[in-house]
Amino acid sequence: MDMKAIVVSEFGDETVLVEQSISLPHPEQGEVRIKLFAAGVNPVETYIRSGDYPGLPSLPYTPGNDGAGVVDAVGEGVESLEKGERVFVAAALAKRNTGTYAEYVVCDASAVQALPDALSFEAGAGLGTPGLAAGDALFVRAAIKPGEIVLVHGASGGVGMLAVQLARRRGAIVFGTAGDREGLALVARLGAHRTFNHREEGYIDDIVAATHGRGVDAILETNAHINLMKDLSMTGHRGRIVVVGSRGTIEFDPRATMRTDTSVLGMGAANMSEAELSQVMHALGAALETGMEVVVDRAFALEDASKAHEAVTEHGKNGKIVLTIRHAPDTAD
């Protein structure tokens, strides 16, 4: 049996994302097969597709670590999941992942979690990589505590909107930035105590003033190539800045870290230990049980993956970019 999937046979621009019919993968011991109805699209996938990323996959490959659907088949030894169960996939750390830009994906059972009925498949597809990144940054690298002031830069994006909700559930005082009125309204609705427009002059002074001189305890930085030196002017005593994303280099003055003993921390979800991954997945699960939202900005059909890759790199997104996956009528649920 074959399935439809996006296949990359050479690294390059969006045009290398080609829909093809390929063989249906089968789960082995400890693995599951998911019938996907949506797949998450992340900026990192555009870097990999272009060939501008360390540890590139072997060609050809099907992109994608995130998705949502129903369990279609389970391998030997899998007892935590049952056929027909609604789930989301977070396979960035999986030993096997056949790629979620496809009708079906096979991956480690540990990378699959139950999807609440209240969340659509499109929303579930936005949980994986962004959720792991937000949880890693907040709980593993920054180790935030109740009562601390946490600033989420780009809080209306895929990682940011989850980070706001996770930090709020940890008891933090949450500040969030966005670049337009719609984004600011979204960030406030998701639970940020204060919002700031990072396109407005003087927003840094406004953030510092909002801390009443204390400074920010932790910052999640999704555009370090633009903001890192600015962040160092906002941190309080022994603040932590976690670099979640950066698209270039900057001129950096190390002395700026000495003003408040601020730590600048890099992160990559793939570096989490098994115990750290378990911690983050439990935090995500608990947040979902208490109504955490995933906002979808735009959805594209699977065959329009090239358009989705263009959209995910654009400024002004408020929410996730996802692919919707339609199955033939005789196999649809």
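Remember, it's a predicted structure, so these values are computed and weren't measured experimentally.

**Student:** Explain the overall build of the protein to me, and be specific about the residues and the numbers.
**Tutor:** The helix and strand tally for the protein stands at nine helices and 15 strands. Over its C-alpha trace the protein gives a radius of gyration of 20 Å, about what one expects of a compact globule, namely 20 Å for 333 residues. Taking the principal axes of its C-alpha atoms as reference, the protein extends roughly 65 × 40 × 35 Å. About 14800 Å² of surface is accessible on the protein, with carbon and sulfur atoms providing 48% of the total. In the protein, 29 positive and 44 negative side-chain charges are present, and the distance between their average locations comes to 6 Å.

**Student:** Quick rundown of the packing of aromatic side chains? Include the residues and the values.
**Tutor:** This model, assessed by the stated rule, comprises three aromatic pairs. For the ring pair F11 and Y61, a centre distance of 6.3 Å and an interplane angle of 40 degrees mean the geometry is tilted. One end of the pair, F11, is in the loop between strand 1 (2-8) and strand 2 (17-23); the other, Y61, is in the loop between helix 1 (43-50) and strand 4 (66-74), with 50 residues separating them in the sequence. For Y61, a relative accessible area of 12% translates into the label buried. With a centroid separation of 5.1 Å and an interplanar angle of 25 degrees, the aromatic rings of F37 and F121 are classed as stacked. Within this pair, whereas F37 is found in strand 3 (residues 31-41), its partner F121 is found in helix 2 (residues 121-124), the two being separated by 84 residues in sequence. Here F37 falls in the buried class, since its relative accessible area comes to 14%. Here R86 stacks its cationic end above the ring of F121, 4.6 Å away from the centre of that ring.

**Student:** Describe the nonpolar core, and please don't skip the residues or the numbers.
**Tutor:** Formed by 56 residues in total, the largest nonpolar core has its most connected members in L138, I144 and V150. Sequence-distant contacts of L138, defined by excluding residues within four places in its chain, comprise A143, I144, V150, A163, L166, A167 and L220. One finds I6, V87, V112 and A308 within the second-largest nonpolar core, a separate group that totals 33 residues.

**Student:** Which residues make up the layout of surface pockets, and what values do they have?
**Tutor:** Estimated volume of the second largest pocket: approximately 220 Å³. The biggest single contributor to the lining of the second largest pocket is helix 8 (residues 274-289), with three residues. Considered class by class, the residues forming the lining of the second largest pocket number seven nonpolar, one polar and three charged.

**Student:** Account for the side chain of T235, naming residues and giving values.
**Tutor:** Here T235 lies in strand 12 (residues 235-243). Judged by its relative accessible area of 3%, T235 falls in the buried class. There is a polar contact of 3.3 Å between the side chain of T235 and the side chain of T260. Not counting chain neighbours up to four residues away, the residues in contact with T235 comprise G215, V216, I219, I241, R259, T260 and T262.

**Student:** Can you break down the pairing of strand 15 (residues 320-324) residue by residue, with the values?
**Tutor:** A large share of strand 15 lies buried, amounting to five of its five residues. Neither face of strand 15 is left uncovered, since the one carrying K320, V322 and T324 and the one carrying I321 and L323 both have all their residues buried. As paired strands, strand 3 and strand 15 are joined by four bridges and run antiparallel to one another. What sits directly across from A39, in strand 15, is L323. Judged from the five bridges that link them, strand 14 (residues 296-301) and strand 15 form a sheet pairing that is parallel. Note that in strand 15 the partner of A299 across the bridge is V322.

**Student:** How would you explain the pairing of strand 4 if you had to name every residue and give the values?
**Tutor:** With eight of its nine residues buried, strand 4 lies for the most part within the structure. The pairing of strand 3 with strand 4 spans seven bridges and is classified as antiparallel. Bridged to I34 within strand 4 is V71. Where strand 4 meets strand 5 (residues 86-90), five bridges bridge the pair, whose relative direction is antiparallel. Across the sheet, G67 pairs through a bridge with V89, a residue of strand 5.

**Student:** Can you explain the sheet that holds strand 12? Please cite residues and give values.
**Tutor:** In spatial order, the strands read 10-9-8-11-12-13; together these six strands make up an open sheet with parallel pairing. The sheet terminates laterally at strand 10 (194-197) and strand 13 (263-266), the two strands that pair on one side only. Taken pair by pair, the neighbouring strands of this sheet meet at an average axis angle of 20 degrees, ignoring direction. The sheet contact formed by strand 12 and strand 13 spans four bridges and is parallel. Paired with R240 across the two strands is S263, which belongs to strand 13.

**Student:** Describe the pattern of salt bridges, with residues and values.
**Tutor:** Close approach of charged atoms lets side chains of opposite charge pair. A full pass over the atoms with the stated rule returns 10 salt bridges. Where D72 meets R33, a salt bridge forms, and the shortest distance between an N and an O atom there is 2.7 Å. Here the residue D72 occupies a position in strand 4, and R33 occupies one in strand 3, the gap between them amounting to 39 residues. Considered together, D72 and R33 belong to a single accessibility category, that of buried residues. The salt bridge involving R240 is made with E148; its shortest N-O contact spans 2.8 Å. Taken together, the residues span a long stretch of sequence, with R240 in strand 12 and E148 in the loop between helix 3 (128-141) and strand 8 (149-152) at a distance of 92 residues. In this structure R240 comes out as buried when scored by relative accessible area, which is 12%. Relative accessible area serves as the criterion here: at 12%, E148 is assigned to the buried category.

Conventions used here
- In this convention, every chain numbers its residues from 1, walking through the sequence in written order.
- Predicted model: local features are reported for residues with pLDDT of at least 70 only, side-chain atom pairs are reported and counted for 80 or more only, and whole-chain, interface and lining totals are derived from all residues.
- To obtain the side-chain values, all non-hydrogen atoms of the structure were used and water was disregarded.
- Helix numbers and strand numbers start at the N terminus; a helix is a DSSP run of H or I with at least 4 residues, a strand a run of E with at least 2.
- Each radius of gyration is computed over the set of C-alpha atoms, and the globule rule expresses the reference value as 2.2 Å times the number of residues to the power 0.38.
- Accessible surface area values rest on a Shrake-Rupley calculation with a 1.4 Å probe, where residue burial reflects the displayed protein chains alone.
- The charged-residue count follows a simple rule in which Lys and Arg add positive charge and Asp and Glu add negative charge, with His and chain termini not counted at all.
- Where a charge sits is defined by one atom per residue type, namely NZ (Lys), CZ (Arg), CG (Asp) or CD (Glu).
- Any two of the Phe, Tyr and Trp rings considered here, Trp counted by its six-membered ring, make a pair once their centres fall within 6.5 Å; the pair's planes then place it as stacked at under 30 degrees, edge-to-face at over 60, or tilted in between.
- Between buried and exposed lies partly exposed: a residue is buried under 20% and exposed over 50% of the maximum accessible area for its type, with that area taken using a 1.4 Å probe on protein chains only.
- Counted as over-ring charges are cases with an Arg CZ or a Lys NZ within 6 Å of the ring centre that also lie within 35 degrees of the ring normal.
- Among buried residues, the Ala, Val, Leu, Ile, Met, Phe, Trp, Tyr and Cys ones that are joined through side-chain atoms within 4.5 Å form a nonpolar core.
- Residue contacts are counted whenever heavy atoms from the two residues lie within 4.5 Å of one another.
- Throughout, the protein atoms alone are placed on a 1 Å grid, and a set of points is a cavity if a 1.4 Å probe fits but cannot get out or a pocket if it is open with protein on both sides within 12 Å along at least five of seven lines; lining residues have an atom within 4 Å of a point.
- Grid points are joined across faces, edges and corners, and a volume is the space filled by probe spheres set on the points.
- Just so you know the grouping, Ala, Val, Leu, Ile, Met, Phe, Trp, Tyr, Cys and Pro go in nonpolar, Asp, Glu, Lys and Arg go in charged, and all remaining residues, Gly too, go in polar.
- Any N or O atom pair separated by 3.5 Å or less is treated as a polar contact, with the protein-specific requirement of one donor-capable and one acceptor-capable atom, and with residues adjacent in sequence counted only for side-chain atom pairs.
- Only strands that DSSP links by at least two bridges are regarded as paired with each other.
- Axis lines are fitted through C-alpha atoms, for helices just across the contact stretch, and the angle between N-to-C directions can take any value from 0 to 180 degrees.
- Here, a salt bridge means any Lys or Arg side-chain nitrogen found within 4 Å of an Asp or Glu carboxyl oxygen.

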